[in-house]
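A closer look at the structure
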Amino acid sequence: MSPSSRPRHSFQTDDPALVPIARKVEVGERLSFDDGLALYRSGDILAVGWMANFVREKMHGNIAYFNVNRHINPTNVCVASCRLCAFGRKKDAPGTYTMALEEAWETAAKGLTEAVTEFHIVGGLHPDLPFEYFMDLVRGLKTRYPKVHIKAFTMVEVAFLAKRGKMTIPAALQRMKAAGVDSCPGGGAEIFADRVRHIICDHKIDGGEWLETAAMAHRAGLRSNATMLYGHIENDEDRVDHLLKLRAVQDGTGGFQTFIPLAFHPDNTALAHLPKSTGMMDIKQIAVSRLMLDNFPHIKSYWQMVTPKMAQISLRFGADDIDGTVIEEKIYHDAGATTPQGMRRTDLVRLITEAGREPFERDTMYRAVTRSEDSFTVAV
Ligand code: SF4
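Presented here is a report on the structure given in the accompanying data block. (Residues numbered from 1 in each chain as written. Predicted model: local features only at pLDDT ≥ 70, side-chain atom pairs only at ≥ 80, totals over all residues. Heavy atoms only, no water.)

To continue, consider the packing of aromatic side chains. A ring pair, where both rings are aromatic, is described by two values, the distance of the centres and the angle of the planes. For the coordinates displayed, the defined rule picks out eleven aromatic pairs. With 5.5 Å between their ring centres and 45° between their planes, phenylalanine 192 and tryptophan 210 make a pair best called tilted. A residue pair is termed long-range when its members are at least 10 positions apart, and phenylalanine 192 in the loop between β5 (183-184) and α8 (194-200) and tryptophan 210 in helix α9 (residues 207-219) qualify at 18 residues. Per residue, the accessibility class of phenylalanine 192 equals that of tryptophan 210, and both read buried. Here the aromatic residues Phe192, Trp210, Phe256, Phe259 and Phe296 are joined through ring pairs into a cluster of three or more. The ring of tryptophan 105 carries the charged tip of arginine 144 above its face, separated from the ring centre by 3.8 Å. The ring of tyrosine 366 is capped by arginine 362, whose NZ or CZ atom sits 4.3 Å from the centre of that ring. (Phe/Tyr/Trp six-rings, centres within 6.5 Å; stacked < 30°, edge-to-face > 60°. Helix = DSSP H or I, 4+ residues; strand = E, 2+ residues; numbered from the N terminus. Buried < 20%, exposed > 50% of the residue type's maximum accessible area, 1.4 Å probe, protein only. Lys NZ or Arg CZ within 6 Å of the ring centre and 35° of its normal.)

Here it is in structure tokens:
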């Protein structure tokens, strides 16, 4: 029986605060700040999940998206000392690395054995590497692998590189595009509220600057993703505030593609005393995001952060995407993530199929990918 013909059980809850929210969800009415708080504070996860799944299936039916991608983290040297981070290191600290350009291109080449459709490039804010290093890196990748989409530089990196190159952010974005950047990843958003940001990541751009930079990227014709780091010192109000600020930018630009809630991994960070996120928190974060971000096309449950098992369950709680094969993730593994460093395409297909969803291999722009063993074509 297809999901559309399957009888849908009606909404049920033992939490009266959810009843008016369910009415809004069923008619497609936008949820308010207070609705967001009520969702976070409800113990009825199945009712919250029912609503998120209702929206998810209305938008995407039974499809669940994944892609075949490779991460490239060119350097872990970083001038910022974010307390949330286990990846960035000061220039002279032990364990630093910076890839020579040839090395970065070779790393990318390894991804071609799985016919990757995307390179995901993020790294530290290196105090000495010139703007042109990053442009050469991207240009070199585009020349060698013209079919592969380059998703590079978070808003934090865009703002930092613009400053390094002594140019405005719009000018830097134009140079990046000309070098071969096709879109931008969503990292560095963390939590926008100043109170939290001062504690967890005082040295990077503030929340307002992150949002403005994202809007500039969209105006430059680059789509981008957005994230939220949860499960540290933020509260329910901070999370709702974060989601509503993203929703407001999206109303203006329409340039966000996917929202990815990221569970905080405390190991090896300055916040190592904090507990890890729980399953309930992970699932609820996905569901609330789907419900509040009515203008975001996609909600991703990133298996590296929440485990493949939780990502699989999320496909019934509002998520329509579980990210990709990834291959060689460093940032969350430095922070104690115990998930594998990569998965095979067949593993992702199995996770999705067993969740009762229909696997859909996408490229970065969510176009269908048709593949043979070692090559692919994208429907345009
Ligand atoms: S989170 Fe990013 S900006 Fe902050 S220290 Fe880590 S690598 Fe640097």
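After presenting the structure, the write-up continues.
What follows concerns the site of the ligand. In the vicinity of the ligand, the contacting residues are Cys78, Ala80, Cys82, Leu84, Cys85, Leu125 and Lys204. Among the residues forming the shell around the ligand, the class breakdown is six nonpolar, no polar and one charged. (Near = heavy atom within 4 Å. Nonpolar A, V, L, I, M, F, W, Y, C, P; charged D, E, K, R; others polar.)

Further remarks concern the pairing of strand β3 (residues 118-121). Of the two faces of β3, both are covered, the one formed by Glu118 and His120 as well as the one formed by Phe119 and Ile121. Bridging between strand β2 (residues 69-72) and β3 involves four bridges; their strand directions are parallel. Within β3, the position partnered with histidine 71 by the bridge is histidine 120. Of the pairings in the sheet, the one linking β3 to strand β4 (residues 149-152) comprises four bridges and is parallel in character. The partner of histidine 120 across the bridge, within β4, is lysine 151. (Pairing = 2+ DSSP bridges.)

Right, let's talk about the nonpolar core for a bit. In this structure, Leu39, Met51, Phe153, Trp210 and Leu246 are the most contacted members of the largest nonpolar core, which totals 117 residues. Here this core gets eight residues from one element, more than from any other, and that element is helix α3 (residues 45-60). The contact partners of tryptophan 210, leaving out residues within four places of it in the chain, are Met155, Val156, Gly186, Gly187, Gly188, Ala189, Phe192, Ile205, Asn225, Ala226, Leu246 and Phe256. (Core = buried A, V, L, I, M, F, W, Y, C linked by side-chain atoms within 4.5 Å. Contact = heavy atoms within 4.5 Å.)

Right, let's talk about the sheet that holds strand β10 (residues 358-361) for a bit. The three strands are arranged β9-β1-β10 in an open sheet whose pairing can be described as parallel. The open sheet has two edge strands with one neighbour each: β9 (321-324) and β10. Geometrically, the sheet is characterised by an average inter-axis angle of 25° between neighbouring strands, direction not taken into account. Across four bridges, the pairing between strand β1 (residues 63-67) and β10 is parallel. Within β10, the residue paired with isoleucine 63 across the bridge is glutamate 358. Against the sheet, helix α15 (residues 345-354) touches β1, β9 and β10, its axis set at about 165° to β1. (Axes fitted to C-alpha atoms, helices over the stretch in contact; angles between N-to-C directions.)

Applying the stated criterion across every chain yields a total of 26 salt bridges. One salt bridge in this structure joins aspartate 35 and lysine 24, with 2.6 Å as the shortest N-O distance. Taken together, the positions of aspartate 35 in helix α2 (residues 33-41) and lysine 24 in helix α1 (residues 19-27) put the pair eleven residues apart, joining distant regions of the chain. Comparing aspartate 35 with lysine 24, the two get one shared label, buried. Put simply, aspartate 236 and arginine 41 hold a salt bridge, and the shortest N to O gap is 3.1 Å. Taken together, the positions of aspartate 236 in helix α10 (residues 236-253) and arginine 41 in helix α2 put the pair 195 residues apart, joining distant regions of the chain. On the accessibility criterion, aspartate 236 (18% relative accessible area) is buried. Taken together, the salt bridges that share partners define one network made up of Arg41, Glu234, Asp236, Glu237 and Arg239. (Salt bridge = Lys/Arg side-chain N within 4 Å of Asp/Glu carboxyl O.)

As a packed pair, helix α5 (residues 131-144) and helix α7 (residues 169-179) sit with axes 8 Å apart at the nearest point and diverge in direction by 30°. By the angle between their axes, α5 is roughly parallel relative to α7. From α5, Phe131, Glu132, Met135, Val138, Arg139 and Lys142 reach across to α7, where they touch Ala172, Arg175, Met176 and Ala179. (Parallel < 35°, antiparallel > 145°, perpendicular 65-115°, else oblique.)

We now examine empty space enclosed by the protein. Evaluated as defined, the whole model comprises two cavities of 30 Å³ or more. Empty space within the largest cavity amounts to approximately 40 Å³. What lines the largest cavity is Glu118, Lys151, Asn225, Gln257, Thr258, Lys300, Arg362, Thr364 and Tyr366. Taken together, the residues that form the lining of the largest cavity break down as one nonpolar, four polar and four charged. (1 Å grid on protein atoms, 1.4 Å probe; cavity = no way out; pocket = protein on both sides within 12 Å on 5 of 7 lines; lining within 4 Å. Points joined across faces, edges and corners; volume = space filled by probe spheres on them.)

Those residues of α2 not exposed but buried are Asp35, Gly36, Leu37, Ala38, Leu39 and Tyr40. Residues of α2 that are buried make contact with α1, α3, β6 (223-230), α10 and α11 (279-292).

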